[in-house]
Amino acid sequence: MFQDMNKKITDSMGPFKELVNIQTKMLEELTRQQMACTKSCIEATIQQTKEMQKCQSASDLIELQRSYAKELEDTLKNTSEQNLKALQDARAEIEDMAHSTFDAFNK
């Protein structure tokens, strides 16, 4: 009897374990993306600082600032798109898990 009850509890915890795994995977991916974005922004800032020393006129500096802003914008936009994809993938996995769990109760 105890073994049956233990098995039922273990089986009922399966979806929660799967949910935790999905969330963990999503958070790991988001963290990786954010770290890569931060690294890219820092590298762009360092490169921009080095290039500033080569500027001969105000127009050179303005052009450098434009390209720097564009690079940061592209980096942030790309990271945002990757973040949304990771969230959407996790949402789809959670929805699939929920549907399969509820389908199991209907049988």
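Scroll up to find the structure this text is about.
Residues numbered from 1 in each chain as written. Predicted model: local features only at pLDDT ≥ 70, side-chain atom pairs only at ≥ 80, totals over all residues. Heavy atoms only, no water.

## Examining the pattern of salt bridges
As enumerated under the stated definition, the model contains eight salt bridges in all. A salt bridge links E29 to R32; the nearest nitrogen and oxygen atoms lie 2.5 Å apart. Of the two residues, E29 and R32 are both situated in helix α1 (residues 2-52); the distance of three residues between them amounts to about one turn of the helix. Overall, the relative accessible area of 26% leaves E29 in the partly exposed class. (Salt bridge = Lys/Arg side-chain N within 4 Å of Asp/Glu carboxyl O. Helix = DSSP H or I, 4+ residues; strand = E, 2+ residues; numbered from the N terminus. Buried < 20%, exposed > 50% of the residue type's maximum accessible area, 1.4 Å probe, protein only.)

## Thoughts on a nonpolar patch on the surface
A grouping of M5, I9, M13 and F16 is seen on the molecular surface, where their side chains present a nonpolar patch of about 410 Å² in accessible area. For M13, the location among the structural elements is in helix α1. Since its relative accessible area comes to 38%, M13 is described here as partly exposed. (Patch = residues over 30% accessible without salt bridge, like charges linked within 9 Å, V, L, I, M, F, W, Y side chains within 5 Å. Areas by Shrake-Rupley, 256 points an atom, 1.4 Å probe, with all protein chains shown as cover.)

## Some words on the side chain of Q33
Turning to its location among the elements, Q33 is positioned in helix α1. By relative accessible area, which is 3% here, Q33 ends up buried. There is a polar contact of 2.8 Å between the side chain of Q33 and the side chain of E29. Here Q82 takes part through its backbone oxygen, which lies 3.3 Å from a polar atom of the side chain of Q33. Beyond its immediate chain neighbours, meaning those up to four positions away, Q33 contacts T79, Q82, N83 and A86. (Polar contact = N/O pair within 3.5 Å; in protein donor to acceptor, adjacent residues only side chain to side chain. Contact = heavy atoms within 4.5 Å.)

## Topic: the environment of P15
Summarising the element assignment, P15 is placed in helix α1. Remark: the alpha-carbon pair of P15 and E95, spanning 80 residues in sequence, is separated by 11 Å. Excluding residues that lie within four positions of it along the chain, P15 makes contacts with M97 and T101.

## So, the side chain of N83
One can find N83 in helix α2 (residues 58-106). Those residues in contact with N83 that sit more than four places away from it in its chain are L30, Q33 and Q34.

## A few points about the state of the cysteines
By the definition in use, this model includes zero disulfides. C41 provides the cysteine sulfur closest to C37, a residue in no disulfide bond, and the two sulfurs are 4.2 Å apart. Judged by relative accessible area, C37 falls into the buried class, the value being 7%. (Disulfide = S-S within 2.5 Å.)

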